[in-house]
Each structure stands twice: as C-alpha cells, then as structure tokens.
Amino acid sequence: MGKSSLINCLIGRKALVKVSGRPGKTQGLNYFQVGDGLYFVDLPGYGFARVSKTLQEGWQELVTSYLETRETLRCVVVIIDIRHAPKTQDTQLLSWLKLKGIPYLPVYTKTDKLSGNERVLNARLLDGGHDIQAGSRVLFSSKTGQGREELLRAMAAFLDVRQKG
Ligand SMILES: Nc1nc2c(ncn2[C@@H]2O[C@H](COP(=O)(O)OP(=O)(O)OP(=O)(O)O)[C@@H](O)[C@H]2O)c(=O)[nH]1
Ligand SMILES: [Mg+2]
C-alpha cells in the first residue's frame, strides 16, 4: 500500500527501505532513527496475500501488541490507497485505534495515480466511509512528493501535543 515508500520519501533516500509490487515485503518491525530519540517504525501491512497463514497471524499479533504497549508511540500513520473505496480492514483498524486511545493520522496515498478531480472525489468518499475530517488527514504521493511537507508538519504536531500534555 505504500508504507515503506512513504518512509523512503520522508527520509529522502530512495532505497533505504525495501519496496515491492507484492504485498508482504516488510516483515517484522523496522526502525529508522530520524532524530534524537525519534524513530519511524515501518510495520508490515495486513494485505499479506503471499505469505503463510501462520506468518500472517504472527505478524498481526506482533503489530497489535506493539501498538498497544509501546509507551513512546506518538502517532500511527495509517496509509490508505486513495484509489480504492473504503475497506473494512481500514475501518476496523481506525476504530480499534480510536477505542484504544492511540493517536493516529490517516494518509491517502498514491495521489499521483488519479486526476485532480478524481482525487477530490475519492478523498471525500474515504472521509465519509471512515468518519475522517478533511482537515485531519493528508493527501500524499511517494512518487511526486505531494503532501510531504504537510505530512511532516502533521507528524511534528503529534510530538508537540504529547510534550505539552
Ligand atoms: N505511483 C505510486 N506508487 C507507489 C506509491 N507508494 C507506493 N507505490 C508503489 O506501491 C508498491 C508497494 O509499495 P510499498 O512501499 O512496498 O508498500 P508497503 O505498504 O510497504 O508494502 P508491504 O511492506 O508489503 O506491506 C510499490 O511498487 C511502490 O513503488 C505512490 O505514492 N505512488
Ligand atoms: Mg513495506
């Protein structure tokens, strides 16, 4: 869905994180230090079409317990492909994060694949389907860098909130 590509784009290095056309590339948790005590953590997605059932379940458990117990976690960036209609798995993840009180930031990615008009329409569809406010998500493309600065600012805001509170 573009998680690893997004991290590469933010860090500004093309091949830092392995990217592939086949879901299931990222395995385990991958840490990237981006500041003093500040890390991006690349997680496996849930579209593991090509890995075994046992591995899938293992990763799900790993990701879930990581998200639930990591005390220094500031924000979960939830990456959603802007081309597709709202998906149950994404709705479930977002409601689970809300329920658990884990801060999250939805990012609609691969905007380069749509025309300007389609982009607006699909973004609205996803906002509606996932109950997301237009002002609280970011439109992004790893390919063109659209939304890169906005995303970095939005992520930084999550750090500020925690420091003040
Ligand atoms: N055009 C376009 N392609 C993208 C974008 N982001 C990712 N891709 C492509 O989508 C495919 C999957 O990207 P990844 O970054 O590996 O996705 P991932 O979420 O890390 O996938 P897993 O680690 O397998 O869960 C790759 O072929 C990327 O080149 C984007 O913004 N625009
Ligand atoms: Mg990946």
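A few points on the structure. Small disclaimer: the values here were computed from a predicted structure and weren't measured. (Residues numbered from 1 in each chain as written. Chains lettered and ligands numbered in written order. Predicted model: local features only at pLDDT ≥ 70, side-chain atom pairs only at ≥ 80, totals over all residues. Heavy atoms only, no water.)

**Brief notes about the pairing of strand β3 (residues 76–81)**
For a regular strand, side chains alternate in direction, first toward one face of the sheet and then toward the other. How we decide: Remark: exposure states derive from per-residue accessible area (1.4 Å probe, protein chains only) relative to the maximum for the residue type, with buried under 20%, exposed over 50%, and partly exposed in between. Helix and strand labels come from DSSP, where a helix needs a run of H or I of at least four residues and a strand needs a run of E of at least two; each type is numbered from the N terminus. When DSSP finds two or more bridges between a pair of strands, those strands are recorded as paired. The definition of a right-handed crossover adopted here requires that, viewed with the strands pointing away, the path from the first strand over the helix to the second runs clockwise.
Across the 6 residues of β3, 5 count as buried, placing the element largely inside the fold. In terms of strand pairing, β3 meets strand β4 (residues 104–109) through 6 bridges, oriented parallel. Across the sheet, residue I79 finds its bridge partner in β4, namely V107. With helix α3 (residues 88–100) bridging β3 and its parallel neighbour β4, the resulting β-α-β unit is right-handed.

**Notes on the side chain of R137**
Here is the rule: Here a residue-residue contact requires only that any non-hydrogen atoms of the pair lie within 4.5 Å.
In this fold, R137 is placed in the loop between α4 (116–130) and β5 (138–139). Overall, R137 belongs to the buried group, its relative accessible area being 12%. Look past the residues within four positions of R137 in its chain and what remains in contact with it is P106, Y108, A123, D127, I132 and E150.

**Looking at the pairing of strand β2 (residues 38–42)**
As paired strands, strand β1 (residues 30–35) and β2 are joined by 5 bridges and run antiparallel to one another. Paired with G35 across the strands is L38, a residue of β2.

**Focus on the sheet that holds β4**
Basically, it comes down to this: Here, axes are lines fitted to C-alpha atoms. For helices the fit covers the stretch in contact, and angles between N-to-C directions go from 0 to 180 degrees.
The 3 strands are arranged β3-β4-β5 in an open sheet whose pairing can be described as parallel. In this open sheet, the two edge strands, each paired with only one partner strand, are β3 and β5. Here α3 sits on the sheet and contacts β3 and β4; the angle it forms with β3, its principal contact strand, is near 160°.

**Digging into α3**
Short version of the rule: For a helix, the expected span equals 1.5 Å multiplied by the residue count minus one. As used here, the arc belongs to the directions running from the helix axis to the C-beta atoms.
Between its terminal C-alpha atoms α3 stretches 18 Å, which fits the 18 Å expected from 13 residues at 1.5 Å a residue. Those residues of α3 not exposed but buried are D90, L93, L94 and L97. Projection of α3 onto a plane perpendicular to its axis shows the buried side chains occupying an angular sector of 95°, all on one side. Counted as exposed and oriented over 90 degrees from the buried face of α3: T88, Q92 and L99.

**A few points about the packing of aromatic side chains**
Keep this limit in mind: Centre distance within 6.5 Å is the pairing criterion for rings of Phe, Tyr and Trp, where only the six-membered ring of Trp is used; planes under 30 degrees apart are then read as stacked, over 60 as edge-to-face, and the remainder as tilted.
Scanning the model with the defined rule gives 1 aromatic pair in all. For the pair Y31 and Y39, a centre-to-centre distance of 6.0 Å together with 80° between the ring planes defines the contact as edge-to-face. Overall, Y31 belongs to the partly exposed group, its relative accessible area being 41%. Exposure remark for Y39: the relative accessible area of 41% places this residue in the partly exposed category.

**Overview of the pattern of salt bridges**
Where we set the bar: For salt bridges, the criterion is a side-chain nitrogen of Lys or Arg within 4 Å of an Asp or Glu carboxyl oxygen.
All told, the structure shown has 6 salt bridges when counted by the stated rule. K110 is the salt-bridge partner of D81, the closest N and O atoms lying 3.9 Å from each other. You can see D81 sitting in strand β3 and its partner K110 sitting in the loop between β4 and α4, a full 29 residues away along the chain. By relative accessible area, which is 7% here, D81 ends up buried. Among the ionic pairs, D127 bridges to R137, the shortest N-O distance being 2.7 Å. Separated by 10 residues along the polypeptide, D127 in helix α4 and R137 in the loop between α4 and β5 bring together distant segments of the chain. Across the pair, exposure class does not vary: D127 and R137 are buried alike. By sharing partners, the salt bridges in this structure join D81, R83 and K110 into a single network.

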